[in-house]
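Structural overview
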Amino acid sequence: MPPALHTDLTTTLRPLLTELHNTPDLFQTWDAHLELVAAGGLVVVKSKRAKGLVDSLFWGRAPGTGENKQLPEATAFAAIDRFLGLGAHLALSDALPEGAVLDEAFPHCAVKLSYRKKGAPKAKSLSMIFIGFNDEADALAYAERSSALPLVTSRPLMGEKLHEWR
């Protein structure tokens, strides 16, 4: 079965994260944890607002180093925004099989986000692992070469741990 592309989902996630970064007062609560691995480096965004208090941490690791450093919030969000702006995305449907690893040549991002906007009747949550590509042809070629990976083949993904918006 061919893999399902998630570009529509990342296209809606991108402005939501921009809104969270630029105008956090529109949100009553949120809990965001994003980990982006790209070009051998790592960028992590952790931010939470509960009971009116915001707690955030932005850090990364440059390629080839083992040292973590704090990043400016704008730098961390810009890296995530660039990833979400790629031409195509695939997603994992489950944890990787033992011994399997994602190809470091392709950026990938784990996203765990829950939020509630002010005045919204309920909170929304998303928990997914995306792999980014320049275009759909690259994504489909990658899926063909990586048949052992548990890629999402039908949408919406509603697994126990990984899921689209609910």
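Being a predicted model, the structure only gives us computed values, none of them experimental.

1. Observations regarding the pairing of strand 6 (residues 108-117)
As judged from the 10 bridges shared by strand 1 (residues 27-38) and strand 6, these two strands associate in the antiparallel manner. What sits directly across from W30, in strand 6, is Y115. Here strand 6 pairs with strand 7 (residues 124-133) via eight bridges, running antiparallel. Bridging from a neighbouring strand, A110 pairs with I129 of strand 7.

2. Description of the layout of surface pockets
The calculated volume of the largest pocket comes to roughly 200 Å³. Around the largest pocket sit 16 residues that line it, and L42, G60, R61, A62 and L71 are the ones nearest its centre. Of all elements in the fold, only strand 1, strand 2 (41-50), strand 3 (53-61) and helix 2 (73-84) reach the threshold of two or more residues within the lining of the largest pocket. When the residues that make up the lining of the largest pocket are grouped by side-chain class, the tally is eight nonpolar, four polar and four charged.

3. Examining the packing of aromatic side chains
The geometry of an aromatic ring pair is captured by two quantities: the separation of the ring centres and the angle between the planes. The full count for this structure, using the stated rule, is seven aromatic pairs. Where F27 meets Y115, the ring centres are 5.7 Å apart and the plane angle is 75 degrees; that geometry is what we call edge-to-face. Of this pair, F27 sits in strand 1 while Y115 sits in strand 6, and the two are 88 residues apart along the sequence. Of the residues examined, F27 reaches a relative accessible area of 1% and is grouped as buried.

4. Here we look at the nonpolar core
In globular proteins that are soluble, nonpolar side chains generally tend to be buried together. By size, the foremost hydrophobic cluster in this structure holds 31 residues, and its most contacted members are L13, L17, I80, V111, L113 and F130. With six residues, the top contributor of residues to this core is helix 2. Those residues within four positions of F130 in sequence are excluded, and the remaining contacts are H6, L9, T10, L13, F83, H89, L90, A91, P107, H108, C109 and V111. Within the second largest apolar cluster, 12 residues are counted, among which are L90, I131, L149 and L151.

Scoring rules and cut-offs
Residues numbered from 1 in each chain as written. Predicted model: local features only at pLDDT ≥ 70, side-chain atom pairs only at ≥ 80, totals over all residues. Heavy atoms only, no water. Pairing = 2+ DSSP bridges. Helix = DSSP H or I, 4+ residues; strand = E, 2+ residues; numbered from the N terminus. 1 Å grid on protein atoms, 1.4 Å probe; cavity = no way out; pocket = protein on both sides within 12 Å on 5 of 7 lines; lining within 4 Å. Points joined across faces, edges and corners; volume = space filled by probe spheres on them. Nonpolar A, V, L, I, M, F, W, Y, C, P; charged D, E, K, R; others polar. Phe/Tyr/Trp six-rings, centres within 6.5 Å; stacked < 30°, edge-to-face > 60°. Buried < 20%, exposed > 50% of the residue type's maximum accessible area, 1.4 Å probe, protein only. Core = buried A, V, L, I, M, F, W, Y, C linked by side-chain atoms within 4.5 Å. Contact = heavy atoms within 4.5 Å.

Note that every value here comes from positions in space, so none of it alone points to a role or purpose.
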